[in-house]
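Close look at the chain arrangement
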Amino acid sequence: MARRSKGRPIDGILLLNKPQGISSNKALQQAKGIFFAQKAGHTGALDPLATGMLPICFGEATKFTQFLLDTDKTYVVRAQLGVRTTTSDSDGEVVEERPVVITQAQLEQEVASFLGESDQYPSMYSALKYQGQPLYKYAREGIEVPRKCRKINVYRITLDEYDEQTQQIQMTVHVSKGTYIRTIVDDLGEKLGCGAHVIMLHRSEVGHYPSDKMITLEELEEKLQQAKSQDLAPSALLDELLLPMDTALVDLPVVEISREQGIAFGHGQVVTLAEVPEGIVKVVADGQFVGIGERNQHGHLKAKRALSSAQ
């Protein structure tokens, strides 16, 4: 006899404001528990030091996490100049201290030099894997392993504050997927000749999602307790916080089909249409989102990820 999944089926996206000091997976498990959800996954881990937007996909929304992983992100970062650490943030051990001898003009020039495309080598303390193990596990054992450089794009970087007394700076950075902000800070410190590390990191935006839609774990707990005090099902107050799952797909072209075609699409059948755009498309059947598809070799629509409700 098959074991039933624990929790309730629920679909949608929660914009969690991850607190400092816990892993992204810990935050995910806490949110999943509050919603009593059967299935959940996050889209793009934040280090324990970092706070901010961690989109959590519940249920069917987990089929579209890749689109949030692949989108651009915006961060506010505060860095300490004059000190370099093993992890390029304040969780690491200090490896070097140097005097800070810079001018405001020099600082602004070096910050601006990060604009545009470049190659970046991931930190040894990242979660990227080498031979099945995350890099940070090798780093903790003092083992250096090969890392592939990746193309990144810094769309915008601004120097928001420079405190000459504390030798701390604050920047806002809008970057492409897979960009390590602490690596940018470490590289900036080397360009300035004094070293630097991250002391605060906050992710304010993921793709088009605005920061004012974020909610904390404490606020979720309050909603849960409020529902209990009013003798309501927790879903009555919690589920209204979820965004529709297709909000992860706003940049995709939309293909509209009939209800009958939507049923066929949900069963993996090819849908014959006069025209299907190139690439991945969002599929809407009779006004309802039913999944994503793509054009096959004959120019017709085939399913790539279909919702179970469309079957």
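Everything that follows concerns the structure shown earlier in this document.
A quick note: this is a predicted structure, and the numbers were derived from the prediction, not measured. (Residues numbered from 1 in each chain as written. Predicted model: local features only at pLDDT ≥ 70, side-chain atom pairs only at ≥ 80, totals over all residues. Heavy atoms only, no water.)

1. A word on the overall build of the chain
Per the secondary structure count, the chain includes eight helices and 16 strands. Counting over 311 residues, the chain shows a buried share of 46%. Counting contacts in the chain only where the partners sit at least 6 residues apart, residues at least 24 apart contribute 67% of the total. Counting every atom, the chain has about 16,200 Å² of accessible surface; 46% of that belongs to carbon and sulfur. The averaged location of the 40 negative side-chain charges in the chain is 9 Å from the averaged location of its 34 positive side-chain charges. (Helix = DSSP H or I, 4+ residues; strand = E, 2+ residues; numbered from the N terminus. Buried < 20%, exposed > 50% of the residue type's maximum accessible area, 1.4 Å probe, protein only. Contact = heavy atoms within 4.5 Å. Areas by Shrake-Rupley, 256 points an atom, 1.4 Å probe, with all protein chains shown as cover. Lys, Arg positive; Asp, Glu negative; His and termini not counted. Charge placed at Lys NZ, Arg CZ, Asp CG, Glu CD.)

2. Structural notes on the side chain of Thr43
Its location among the elements puts Thr43 in the loop between strand S2 (40-42) and strand S3 (51-58). Judged by relative accessible area, which is 0%, Thr43 ranks as buried. The residues touching Thr43, leaving out its near neighbours within four places in the chain, are Pro55, Cys57, Thr65, Leu68, Leu69 and Arg203.

3. Concerning the sheet that holds strand S13 (residues 254-257)
Strand pairing in a sheet takes place through backbone hydrogen bonds and is either antiparallel or parallel in direction. Reading across from one edge, S13-S14-S15-S16 is the order of the four strands in this open sheet, with mixed pairing throughout. Single-partner strands in this sheet number two, and they are S13 and strand S16 (301-306). For this sheet the average axis-to-axis angle between neighbouring strands, irrespective of direction, equals 40°. Against the sheet, helix H8 (residues 259-266) engages S13, strand S14 (281-285), strand S15 (288-295) and S16, with an angle of about 65° to S16. (Pairing = 2+ DSSP bridges. Axes fitted to C-alpha atoms, helices over the stretch in contact; angles between N-to-C directions.)

4. A few points about H8
All of the buried residues in H8 are Gly262, Ala264, Phe265 and Gly266. Considering only its buried residues, H8 is in contact with S13, S14, S15 and S16. Positioned one or two residues after H8, Gly268 has a phi angle of 80°, which is positive.

5. Thoughts on the packing of helix H1 (residues 24-35) against helix H6 (residues 217-229)
At their nearest, the axes of H1 and H6 sit 10 Å apart, and the two run at 15° to each other. Taken as axis vectors, H1 and H6 run roughly parallel relative to one another. Where H1 crosses over H6, the handedness of that crossing is left-handed. Touching Ala27, Gln30, Ala31, Ile34 and Phe35 of H1 are Leu217, Leu220, Glu221 and Leu224, all from H6. When the residues that make up the contact of H1 with H6 are grouped by side-chain class, the tally is seven nonpolar, one polar and one charged. (Parallel < 35°, antiparallel > 145°, perpendicular 65-115°, else oblique. Left-handed = near helix turned anticlockwise from the far one by under 90°. Nonpolar A, V, L, I, M, F, W, Y, C, P; charged D, E, K, R; others polar.)

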